[in-house]
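Per-entry structural report
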Amino acid sequence: MTDALSAAADAMDEVFAASMLAKLDFPAPSKARRGEHRLAPPAETVAKAALYVAMRESGTSNVQLARRLGVDEKEVRRLLDPHYASKLPRIAQAVALLGKRLVIGLDAA
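Residues numbered from 1 in each chain as written. Predicted model: local features only at pLDDT ≥ 70, side-chain atom pairs only at ≥ 80, totals over all residues. Heavy atoms only, no water.

The subject of this paragraph is the overall build of the protein. Across its full length, the protein carries 5 helices and 0 strands. When the helices and strands of the protein are listed from N to C terminus, the series reads α-α-α-α-α. Viewed in the frame of its principal axes, the protein has a C-alpha envelope of about 45 × 25 × 20 Å. For the protein, the residues scored as buried account for 27% of the 109 residues in total. Put simply, 65% of the contacts in the protein that link residues at least 6 apart link residues at least 24 apart. One way to put it: in the protein the 16 positive side-chain charges average out to a point 7 Å from where the 13 negative ones average out. (Helix = DSSP H or I, 4+ residues; strand = E, 2+ residues; numbered from the N terminus. Buried < 20%, exposed > 50% of the residue type's maximum accessible area, 1.4 Å probe, protein only. Contact = heavy atoms within 4.5 Å. Lys, Arg positive; Asp, Glu negative; His and termini not counted. Charge placed at Lys NZ, Arg CZ, Asp CG, Glu CD.)

To continue, consider the nonpolar core. Counting 18 residues, the largest nonpolar core has Leu51, Met55, Leu65 and Val76 as the members making the most contacts within it. Those elements that provide at least two residues to this core are helix 1 (2-21), helix 2 (43-58), helix 3 (62-69), helix 4 (73-80) and helix 5 (88-97). Here this core gets 6 residues from one element, more than from any other, and that element is helix 2. In contact with leucine 51, not counting residues within four places along its chain, are Leu65, Leu79, Leu80, Ile91, Ala94, Val95 and Leu98. (Core = buried A, V, L, I, M, F, W, Y, C linked by side-chain atoms within 4.5 Å.)

Next up on the list: the pattern of salt bridges. Counted under the stated rule, the structure contains 5 salt bridges. Between glutamate 57 and lysine 100 there is a salt bridge whose closest N-O contact spans 3.4 Å. Here lysine 100 lies in the segment after helix 5 and glutamate 57 lies in helix 2, a separation of 43 residues in the sequence. The class for glutamate 57 is exposed, based on a relative accessible area of 56%. The closest approach of N and O atoms between glutamate 73 and arginine 77, which form a salt bridge, is 2.8 Å. On the criterion of helical spacing, the pair formed by glutamate 73 and arginine 77 is a turn pair, its members being 4 residues apart in helix 4. (Salt bridge = Lys/Arg side-chain N within 4 Å of Asp/Glu carboxyl O.)

Time to look at unusual backbone geometry. Excluding glycine, most residues fall at negative phi; most peptide bonds, likewise, are trans. In this structure, lysine 23 takes a positive phi of about 60° despite not being glycine. Secondary-structure assignment places lysine 23 in the loop between helix 1 and helix 2. Classification of lysine 23 by relative accessible area gives exposed; the value is 57%.

Moving on: helix 2. With 16 residues, helix 2 ought to run about 22 Å at 1.5 Å a step, and its terminal C-alpha atoms sit 23 Å apart, in line with that. When we look at burial in helix 2, the residues that qualify are Thr45, Ala47, Lys48, Ala49, Leu51, Tyr52, Ala54 and Met55. Structurally, helix 2 contributes buried residues whose contacts are with helix 1, helix 3, helix 4 and helix 5. (Expected span 1.5 Å × (residues − 1).)

Written out as structure tokens, the structure reads:
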């Protein structure tokens, strides 16, 4: 069961990555039914997805956000790339520039 849940979380991580690369909206999460397990992709992927959603909601392009951050557009692409290791404070800074606040929480395992 542990291996299956780990594989499912990895698959979810890839779905997030593919959705962001294809510039698609994320579907709303469904409620877990009895006997189902709730999963989430890695925290860094969730933070990058939050930045992606904030940019889409505000209509902000990579170039516009890069200008506001004072960096090259390539850094914004990296912030949005789930396969690139980004620092959480930099993601939070980018989210804040879009009028949002990145919040981290804990759930029971």
